Amino acid sequence: MQQKSTFFFQRIWPALFLLIGGALLTYTSLRAYGLSMTHDESSTFLNGIDQPLWRCFFSPECWGTANMHLTNTFLMQLSVGIFGISGWAVRLPNLLGHLVYLIFSYRLVRSLTDDKPLQLGSFVLLSFHPYLLEFFAVSRGYGLACSGLMVTFYYLLRYQAEGQKKYAWYYSLGLAFAVMSNFTFLLLYAAVGGALMLGIGFREKSLQAIWQEKAQFYPWLTVGVGLALLLYKPLSFLRAGGEFSYGTDTLWESYQFFIMDTIQGEGYFGAVNREVFMGIGLALMLGAGWLVIQHRDRIFQGTSGRFFAIGLLVTGLIVLMMVLQYYLLGTKYLRNRTAIMFVPLGALCYSLFLMQWGRIQRLAAQITIGVLAAFAAFHLLRAGNQESVREWAYDAQTHAMIQYMTEKEAAEPIRLGMHWYFTHASNFYVQAEEIEKLEPIIYEKELRVNDYYHYYYVRPEDVGTLAEFYEVERAFGRVGVLLRKKLATNARIKD
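Parameters at a glance
Residues numbered from 1 in each chain as written. Predicted model: local features only at pLDDT ≥ 70, side-chain atom pairs only at ≥ 80, totals over all residues. Heavy atoms only, no water. Salt bridge = Lys/Arg side-chain N within 4 Å of Asp/Glu carboxyl O. Helix = DSSP H or I, 4+ residues; strand = E, 2+ residues; numbered from the N terminus. Buried < 20%, exposed > 50% of the residue type's maximum accessible area, 1.4 Å probe, protein only. Arc of directions from axis to C-beta. Core = buried A, V, L, I, M, F, W, Y, C linked by side-chain atoms within 4.5 Å. Contact = heavy atoms within 4.5 Å.

Enquirer: Can you walk me through the pattern of salt bridges in this structure?
Expert: Two side chains carrying opposite charge are able to pair once their charged atoms lie near each other. Within this structure, the stated rule accounts for 17 salt bridges. The partner of Asp-115 in a salt bridge is Arg-362, and the shortest N-O contact between them spans 3.0 Å. Of this pair, Asp-115 sits in the loop between α4 (87-112) and α5 (116-127) while Arg-362 sits in helix α17 (residues 362-383); the two residues are 247 residues apart in sequence, bridging distant segments of the chain. On the basis of relative accessibility, which here comes to 51%, the residue Arg-362 falls in the exposed class. Here Glu-471 makes a salt bridge to Arg-484, at a shortest N to O gap of 3.1 Å. Residue Glu-471 is located in strand β4 (residues 470-476), and its partner Arg-484 is located in strand β5 (residues 480-485); the two are separated by 13 residues in the primary sequence. Look at Arg-484 and you get partly exposed, because its relative accessible area is 25%. One salt-bridge network, held together by shared partners, links Lys-408, Glu-471, Glu-473 and Arg-484.

Here it is in structure tokens:
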């Protein structure tokens, strides 16, 4: 019996994680291959594919918007250089980032506890969030930054457990990668250093001992200084251009957006869906907080207990810095994709809490994480899709529309106008597929209410605005409508 149990946990148990990770990676791979390109990632390609990135550290030409995510653009350039222009090649770096995220999530939970149900449940909580998974299948920096976050916390745990300075370098470089992937992760960089220093200050009594252990943060400080020198001008350019104004005006609204992104539009509780899930989230946090306070002497014991304390401090410091930034610098609270770091942070903190609670009430902790993991898996099965990306759902049919237009016969190049939402993705496909049938597509913030274009691709709510000059050719899902010009001069373009 002992031999069978040993075989199961040495061979079958790791294979289960491999199977789950493989299924998740297949899901994001199919999305990366099949989804229509979106506005922001197409903008990254069009503006960044030939951009010498070394200029971005001292020239404002890269920073007209905050669309430039440095590591994403650099890796995209490499991928397209090897595989050619395609949506899949543009998105490949983030798919590889998903692989890194899964590997280090697995290594982290296996290192934190020997309790098998808690290992599996924690891995599910870290990995099954549909909104997080979206960013491993689009060419943006958010997915790459989250992979850097997971690398950071794995090596942070190794450093806490073993005290080897090389791990301090590894987690510092993981943080730097996250920051270079998306500048909002500067909050994470500062919070990790602050949490570690506060943790030491609370634990040590000797000032000399505190200083000696803080000296181990030399890698974090060194890498931080390097980042400051590299990013001072880029951040100055973005701030001068007002690019840090995206967000919301209250912490409560930030939490609301987080819940709505987590729900993904699934109506479990009808009209009060958002409110119910917000209440559940608060109840889980308050319940965990009460138990932590009641049993703090036992919960914060050992390496895993100290790691839990660091996770809480990191999350709390990020929230505190958001508040200070809002009042001192006028920077908005994070929302939607800019708040993506709270998905793995929240899942990790709650998993760590249940691992520590499991030392006191093992069955209660296992049941709790089992219920949460089961819902996470069910929710991903329900909310997951191969049609659209939540942040840029309007581009779900842009590729289908461009393909439809390429099938038309025309005596001369077709003038295709469109709402500005669709312009970048359309131009990506015109370039990637070398479409000569269409005239260059013009980026215009306002619709032209005249008969200049042969065809016009607009949002459903724009159809009435153009009804005098255009009639409906075809609707593309619920996101776009292709119009054709009414006038007889359009007759030379045959269906």
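Moving on from the model shown.
Enquirer: I keep staring at helix α18 (residues 398-406) and nothing clicks. Help me out?
Expert: Looking at α18, one finds that the buried residues are Thr-398, Met-401, Ile-402, Tyr-404 and Met-405. Here the buried residues of α18 occupy an arc of 160 degrees about the axis, which is enough to place them on one side.

Enquirer: What is the right way to look at the nonpolar core in this model?
Expert: In globular proteins that are soluble, nonpolar side chains generally tend to be buried together. Core analysis: the biggest nonpolar cluster contains 126 residues, and Phe-153, Phe-185, Leu-188, Val-314 and Leu-416 have the highest contact counts within it. Looking at which element gives the most residues to this core, the answer is helix α7 (residues 141-162), with twelve residues. Setting aside chain neighbours within four positions, we find Leu-188 in contact with Leu-149, Phe-153, Leu-175, Val-314, Ile-318 and Met-341. Core analysis: the next-biggest nonpolar cluster, separate from the first, contains eight residues, Leu-466, Phe-469, Tyr-470 and Val-481 among them.

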